[in-house]
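Coordinates in review
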Amino acid sequence: MNSPTSYGARPRPSGGIELWAWLFMRFSGVALLLLALGHLFIMHVFNSVHLITYDFVAARYARVFWRGYDLAMLWLALIHGVNGMRVILDDTLKPSIRGLAVKGLYGVSALFLALGTWVIIAFK
């Protein structure tokens with residue numbers, strides 16, 4: 001078993017899907033930080049909160065870039081959160097209920113991902 005990356009942290013996985021999930025958490029966290037800060041500045045610093053209306057969002061979503069930006073934020077944030085929740089479930093639940101809990105998490109997450117994607121893509 002590998003030694004922890006820092007005091008109290010989980011060790012870096014040696015391979016397989018766990019390594020990819022571990023790497024995804026690091027890279028998606030950085031990407032989400034940049035996307036969220038960009039969103040914060042664009043929506044709340046450069047534009048007044050009082051000016052954000054349906055018409056503002058419709059004008060913004062008239063450009064493919066903004067739909068892609070919001071889709072990237074949605075997908076990264078949801079998958080990042082689900083992966084973190086999966087790790088928490090793996091660490092805390094008994095094996096007898098862990099599988100069911102993870103399957104339920106994946107099901108609810110897939111539903112939210114599909115609904116969020118549909119809202120962004122189908123917005124008129």
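Predicted model, so just to flag it, every value in this text is computed and none were measured.

This part covers the packing of aromatic side chains. Taken as a whole and judged by the stated rule, the model has six aromatic pairs. Residues Phe41 and Phe46 carry aromatic rings whose centres are separated by 6.4 Å and whose planes lie at 35 degrees to one another, so their mutual orientation is tilted. Between Phe65 and Trp66 the ring centres are 4.9 Å apart and the planes differ by 75 degrees, which places this aromatic pair in the edge-to-face class. Members of the aromatic cluster, each reached through a chain of ring pairs, are Tyr54, Tyr61 and Phe123.

Our focus in this paragraph is the pattern of salt bridges. Considering all chains together, one arrives at four salt bridges under this definition. Between Glu18 and Arg86 there is a salt bridge, with its nearest N and O atoms 2.9 Å apart. With a gap of 68 residues between them, Glu18 in helix H1 (residues 16–45) and Arg86 in helix H3 (residues 64–92) connect regions that are remote in the sequence. According to the relative accessible area criterion, Arg86 is buried, its value standing at 11%. Where Asp90 meets Arg98, a salt bridge forms, and the shortest distance between an N and an O atom there is 4.0 Å. With relative accessibility at 25%, the residue Arg98 sits in the partly exposed group. Ionic contacts of the salt-bridge type, sharing partners, join the residues Glu18, Arg86, Asp90 and Arg98 into one network.

Looking at the element boundaries, Asn83 is found in helix H3. Here Arg86 takes part through its side chain, which lies 2.8 Å from a polar atom of the side chain of Asn83. Apart from the residues within four sequence positions on either side, Asn83 is in contact with Ala21, Phe24 and Met25.

With nine residues, the main nonpolar core is built from Leu32, Leu35, Tyr61, Trp66, Tyr69, Leu71, Met73, Ile120 and Phe123. Counting only elements with at least two residues in this core, the list comes to H1 and H3. By residue number, the principal contributor to this core is H3, which donates four residues. If near-sequence neighbours (up to four positions away) are discounted, Leu71 is found in contact with Thr117, Ile120 and Ile121.

This part takes up the packing of H3 against helix H4 (residues 95–122). The interhelical angle for the contact between H3 and H4, taken along N-to-C directions, is 170 degrees, at an axis separation of 10 Å. Between H3 and H4, the angle is such that the two are roughly antiparallel.

Contact pair H1 / H3: the axes reach a minimum separation of 9 Å and the direction vectors enclose 135 degrees. With respect to H3, the axis of H1 lies oblique. Between H1 and H3 the crossing geometry is left-handed.

Criteria and thresholds
- Residues numbered from 1 in each chain as written.
- Predicted model: local features only at pLDDT ≥ 70, side-chain atom pairs only at ≥ 80, totals over all residues.
- Heavy atoms only, no water.
- Phe/Tyr/Trp six-rings, centres within 6.5 Å; stacked < 30°, edge-to-face > 60°.
- Salt bridge = Lys/Arg side-chain N within 4 Å of Asp/Glu carboxyl O.
- Helix = DSSP H or I, 4+ residues; strand = E, 2+ residues; numbered from the N terminus.
- Buried < 20%, exposed > 50% of the residue type's maximum accessible area, 1.4 Å probe, protein only.
- Polar contact = N/O pair within 3.5 Å; in protein donor to acceptor, adjacent residues only side chain to side chain.
- Contact = heavy atoms within 4.5 Å.
- Core = buried A, V, L, I, M, F, W, Y, C linked by side-chain atoms within 4.5 Å.
- Axes fitted to C-alpha atoms, helices over the stretch in contact; angles between N-to-C directions.
- Parallel < 35°, antiparallel > 145°, perpendicular 65-115°, else oblique.
- Left-handed = near helix turned anticlockwise from the far one by under 90°.

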